[in-house]
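Structural overview for review
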Amino acid sequence: MNIEWNNGASSAEAAGDALCIIISETELDNGSLAAEWKAGIEHAAKAGLFAGKLNQTYILPLGEQAPYPALILAGSGKEAPVACELRVLAAHISRAAARMKAEVLGIQLPESLLSQGALAAQALAEGLVLGVYRRKHYKQEQTPYKGPASVNLFPQSSVEAGVELSMRSGIQRGLAFADATHLARDLTNLPGNLLTPSGLAAAAIEVAERHGLPAEVLDEREIEQKGMGGLLAVGKGSVHPPRMIVIRYQGTGEWSNVTGIIGKGITFDTGGISLKRAPGMEDMISDMGGAAAVLGVMEALGRLRPRINVVMVIPAAENMPSAGAFKPGDVITTLSGKTIEVLNTDAEGRVVLGDALTYAREWGAERLIDVATLTGAVLSILGDVATGAVTNDGPFMQTLLEASERSGEQIWQLPAYPEFRELLRSEVADIRNAAGRFGGASTAGLFIGEFAEGLPWIHLDIAGTAFLSRERGVNSKGATGVMVRTLLEYLLHLNME
Ligand code: BES
Ligand code: MN
Ligand code: ZN
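Computed from a predicted model, the values in this text were never measured in an experiment.

Let's talk about the packing of helix 6 (residues 161-189) against helix 16 (residues 484-494)
Orientation of helix 6 relative to helix 16, taken along the N-to-C sense of each, is 135°, at an axis distance of 9 Å. It follows from the interaxial angle that helix 6 and helix 16 lie oblique. Read as a crossing pair, helix 6 and helix 16 show a hand that is right-handed. Where helix 6 approaches helix 16, its residues Arg173, Phe177, Ala180, Thr181 and Ala184 are matched on the opposing element by Val484, Arg485, Leu488, Glu489 and Leu492. Across the contact of helix 6 with helix 16, the residue classes break down as six nonpolar, one polar and three charged.

Some remarks on the coordination of the manganese ion (ligand 2)
The manganese ion (ligand 2) binds to the protein through Asp269 (OD), Asp346 (O), Asp346 (OD) and Glu348 (OE), with metal-donor distances spanning 2.0 to 2.2 Å. The site at the manganese ion (ligand 2) holds six donor atoms, and with the angles between them running 71 to 170°, its shape is irregular. Spacing between the donor residues of the manganese ion (ligand 2) along their common chain follows D-x76-D-x1-E.

What to know about the pattern of salt bridges
Scanning the entire structure with this criterion turns up 23 salt bridges. Here glutamate 299 and arginine 210 are joined by a salt bridge, their closest N and O atoms 2.9 Å apart. Of the two residues, glutamate 299 sits in helix 10 (residues 289-304) while arginine 210 sits in helix 7 (residues 197-211), which places them 89 residues apart along the sequence. Accessibility expressed as a relative area gives 10% for glutamate 299, which makes it buried. Here arginine 406 ties to glutamate 489 by a salt bridge, and the two come within 3.0 Å at their closest N and O atoms. Placement of arginine 406 in helix 13 (residues 394-407) and of glutamate 489 in helix 16 is noted, with a sequence separation of 83 residues between them. Classification of arginine 406 by relative accessible area gives partly exposed; the value is 22%. Looking at glutamate 489, the relative accessible area reads 2%, which means it is buried. Members of the salt-bridge network, linked through shared partners, are Arg87, Glu126, Glu409 and Arg485.

Some thoughts on the coordination of the zinc ion (ligand 3)
Lys264 (NZ), Asp269 (OD), Asp287 (OD) and Glu348 (OE) make up the full set of protein donors to the zinc ion (ligand 3), lying at 2.0 to 2.4 Å. The coordination sphere of the zinc ion (ligand 3) comprises six donor atoms, whose angles at the metal cover 78 to 175°; the geometry is octahedral. Within one chain, the residues donating to the zinc ion (ligand 3) are spaced in sequence as K-x4-D-x17-D-x60-E. A separation of 3.1 Å is found between the zinc ion (ligand 3) and the manganese ion (ligand 2), which share aspartate 269 as a coordinating residue. You can see aspartate 269 sitting in strand 10 (residues 265-269) and its partner glutamate 348 sitting in the loop between strand 13 (339-341) and helix 11 (349-362), a full 79 residues away along the chain.

Section: the domain arrangement of the chain
Structurally, the chain comprises domain 1 (2-181) and domain 2 (192-495). Taken together, the 21 residues of domain 1 in the interface contact 22 residues of domain 2. Between domain 1 and domain 2, the buried area comes to about 1800 Å², and carbon and sulfur atoms account for 59% of it. Counting across the interface, domain 1 meets domain 2 through four salt bridges. Between arginine 303 and aspartate 179 there is a salt bridge whose closest N-O contact spans 2.9 Å. Between domain 1 and domain 2 we count seven residue pairs in polar contact (both at pLDDT 80 or more) in total. Looking at the side of domain 1 that touches domain 2, the elements with two or more residues in it are helix 3 (83-99), helix 5 (118-131) and helix 6. Taken together, the residues that form the side of domain 1 that touches domain 2 break down as ten nonpolar, four polar and seven charged.

Structural notes on helix 15 (residues 440-449)
Note that an α-helix has 3.6 residues per turn; residues three or four places apart therefore point the same way. Most of helix 15 sits inside the fold, with ten of its ten residues counted as buried. Among all positions in helix 15, only Gly440, Ala441, Ser442, Thr443, Ala444, Gly445, Leu446, Phe447, Ile448 and Gly449 are buried.

Quick word on the sheet that holds strand 5 (residues 104-109)
Spatially, the six strands line up as an open sheet ordered 1-6-5-2-4-3, and their pairing is mixed. Edge positions in the open sheet fall to strand 1 (2-5) and strand 3 (57-61), since each of these has one partner strand only. The average undirected angle you get between the axes of adjacent strands in this sheet is 25°. Relative to strand 6 (residues 150-155), strand 1 runs parallel, the two being bridged by four bridges.

A look at the packing of aromatic side chains
All chains considered together, the criterion is met by four aromatic pairs. Centroid distance tyrosine 359 to tryptophan 363: 6.2 Å. Interplanar angle 90°. Geometry classified as edge-to-face. Looking at tyrosine 359, the relative accessible area reads 3%, which means it is buried. Ring geometry for phenylalanine 447 and phenylalanine 451: centres 5.6 Å apart, planes at 40°, overall tilted. Given a relative accessible area of 0%, phenylalanine 447 falls into the buried group. Note that arginine 248 overlies the ring of tryptophan 255, its terminal NZ or CZ placed 4.6 Å from the centroid.

Details of the sheet that holds strand 17 (residues 431-432)
Strand order in the open sheet made by the three strands is 12-13-17, with mixed pairing throughout. Pairing within the sheet leaves two strands with one partner each, and these edge strands are strand 12 (331-333) and strand 17. Bridge analysis of strand 12 against strand 13 gives three bridges, and the strand direction is antiparallel. Residue pairing in the sheet places valine 331 in a bridge with glutamate 341 of strand 13.

Structural notes on the site of ligand 1
Around ligand 1 sit 15 residues, and of these Lys276, Asp287, Asp346, Glu348 and Gly376 come closest. Between an oxygen atom of ligand 1 and a side-chain N or O atom of aspartate 269, the distance comes to 2.9 Å. The separation between an oxygen atom of ligand 1 and a polar main-chain atom of glycine 376 is 2.7 Å.

Quick look at the pairing of strand 6
Taken across its six residues, strand 6 has six buried, putting it largely inside the fold. Burial along strand 6 is two-sided: the face carrying Ser150, Asn152 and Phe154 and the face carrying Val151, Leu153 and Pro155 are both buried. Strand direction decides the pairing type here: strand 5 and strand 6, joined by six bridges, are parallel. Bridge pairing in strand 6 places leucine 105 opposite valine 151.

About the cut-offs
Every chain is numbered on its own, with residues counted from 1 as its sequence reads. By the order in which they are written, chains take letters starting at A while ligands take numbers starting at 1. Given that the model is predicted, a residue must reach a pLDDT of at least 70 before its local features are reported, and side-chain atom pairs must reach 80 or more before they are shown or counted; all residues, however, enter totals for whole chains, interfaces and linings. Only hydrogens and water are removed before side-chain values are computed, so all heavy atoms of the structure are retained for them. Every angle, taken between N-to-C directions, lies between 0 and 180 degrees, and every axis is a line fitted to C-alpha atoms, over only the stretch in contact when it is a helix. The numbering of helices and of strands both runs from the N terminus, where a helix is a DSSP run of H or I of at least 4 residues and a strand a run of E of at least 2. An angle below 35 degrees is treated as roughly parallel, one above 145 as roughly antiparallel, one from 65 to 115 as roughly perpendicular, and anything else as oblique. In this scheme, a crossing is called left-handed if the near helix is turned counterclockwise away from the far one by less than a right angle; it is called right-handed if the turn is clockwise. By definition, residues are in contact when any of their heavy atoms lie within 4.5 Å. Note on residue categories: nonpolar means Ala, Val, Leu, Ile, Met, Phe, Trp, Tyr, Cys or Pro, charged means Asp, Glu, Lys or Arg, and polar means any other residue, Gly included. Note that water is not among the atoms used; donors are N, O and S atoms within 2.8 Å of the metal (3.2 Å for Na, K and Ca), so sites may look incomplete. Donor angles set the geometry label: tetrahedral for four donors if every angle is between 85 and 135 degrees, square planar for four and octahedral for six if opposite donors exceed 155 degrees and the others are between 65 and 115, irregular for anything else. Just to be clear on terms, a salt bridge is a Lys or Arg side-chain nitrogen sitting within 4 Å of an Asp or Glu carboxyl oxygen. The cut-offs for exposure are 20% and 50% of the maximum accessible area for each residue type, with area from a 1.4 Å probe on protein chains only; residues under the lower value are buried, those over the upper are exposed, and the others partly exposed. Bear in mind that the domain bounds are from an automatic or database domain assignment. As a working definition, buried area equals the accessible area (1.4 Å probe) given up by two parts on being put together, with both sides summed. For the purposes of these results, a polar contact is taken to be a pair of N or O atoms within 3.5 Å, where, inside protein, one atom must be able to donate a hydrogen and its partner to accept one; residues adjacent in sequence count only when each atom of the pair is a side-chain atom. Any two strands with at least two DSSP-identified bridges between them are counted as paired. When the centres of two rings from Phe, Tyr and Trp lie within 6.5 Å, Trp using its six-membered ring, the rings pair. Their planes under 30 degrees apart give stacked, over 60 give edge-to-face, and anything left gives tilted. Note on geometry: a ring has a charge over it if NZ (lysine) or CZ (arginine) is within 6 Å of the ring centre and within 35 degrees of the ring normal. Any residue with at least one heavy atom within 4 Å of a molecule or strand is counted as near it.

Written out as structure tokens, the structure is:
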């Protein structure tokens, strides 16, 4: 999507397939509407078709002589919408434009939006792009329309040069964040047969090469040689062997103050020998949603080039039951030297992530954030509404929570009580990989935390938020690319400190 800022130009003279006018309930009540469209809008309001309610949209056809075939009326509610509301409103606007297959869309920006500066511009761009995402399909009949190709923004009054510059940079940032989220959504939506661990590695190499970032992919031989027993064990059951994928982004002269972002890359999770039941198992194509998110982050970093240092690590494997698969009762030795007693092969994410955290440390990470579709338990607590977090560092968590308030991706911190860690005690190994039903999201997180070995660490369980059963907010059905924008908000703020 191309988004153009038209300072000083009048929307009434420009052409396109539709013009969107953002209207508040108050404007509608007191009739303070632009003269050109006033009659039509009031007509729609009188007929009960449009009331200015937040996120309400109505398509109003115009006559032959009008510069646009139709107006899209978009409600902004009673108060001026804040950035997070604006993002969702923008998603509704581009969906309305998509309903009429508009290619060129104009939007009139109200005063209230202009006064919010770059954050509002970013949110607007994000919402417009994110709202019209559709999962790629494999039907013989193709639908070429992909949402509006270009959007022209018309500020209601022309703004001064400084404001214009910051609005333009907000738009560019929003586009980069949204495109990165789409990359993550596309990867997550790929079926298991079309995305294997080596396919995920190829996708990562593509991102790295596009931006000239150094990358490394370890194959199953190298994974074994290095002693990554966790990733090796989980990958053993599949004919598609595991991969350890690393991309480095160095934005400063020295490789220091490095943030490690680690994403669970299970390209399909059958549960392995501890096989899952059949209903809903197809959703396990999304068990690499964490990997897709951290790869999306690298894509945006490559494009935006902030002055920070980040290492991305993805442990990629397919969890299958077979004659070669790992089994309950197995004891495995990880890269860290810690041993794991396997109680349930369906608790595979934490096993591969242990090695990945250790590897991120080896690459110089000084703080760690892992993103994983880790537990069904987090769905019992937070549903598909918020991502669950477990941490060993309060202030670090606080900064990430602030980033999530800017991105609008909700995160709720879960307790990391020592009593939960106790539940992971094993008689034969340093730790066991499953701890029973109680506190399942916390115990899973604490398992991973063992491998942070004292580094500041945050675990983000996106099992509920990575893949939705229906459209909501800026997200469409299926993959959401959740945490791409939150991690980017967090990382780009490091740049300013
Ligand atoms: N990938 C699943 C978690 C999951 C469940 C993601 C639902 C998305 C939706 C994970 O590997 C898993 O199977 N976890 C088990 C752990 C248990 C065996 C301790 C679970 O949550 O049931
Ligand atoms: Mn599993
Ligand atoms: Zn899994």
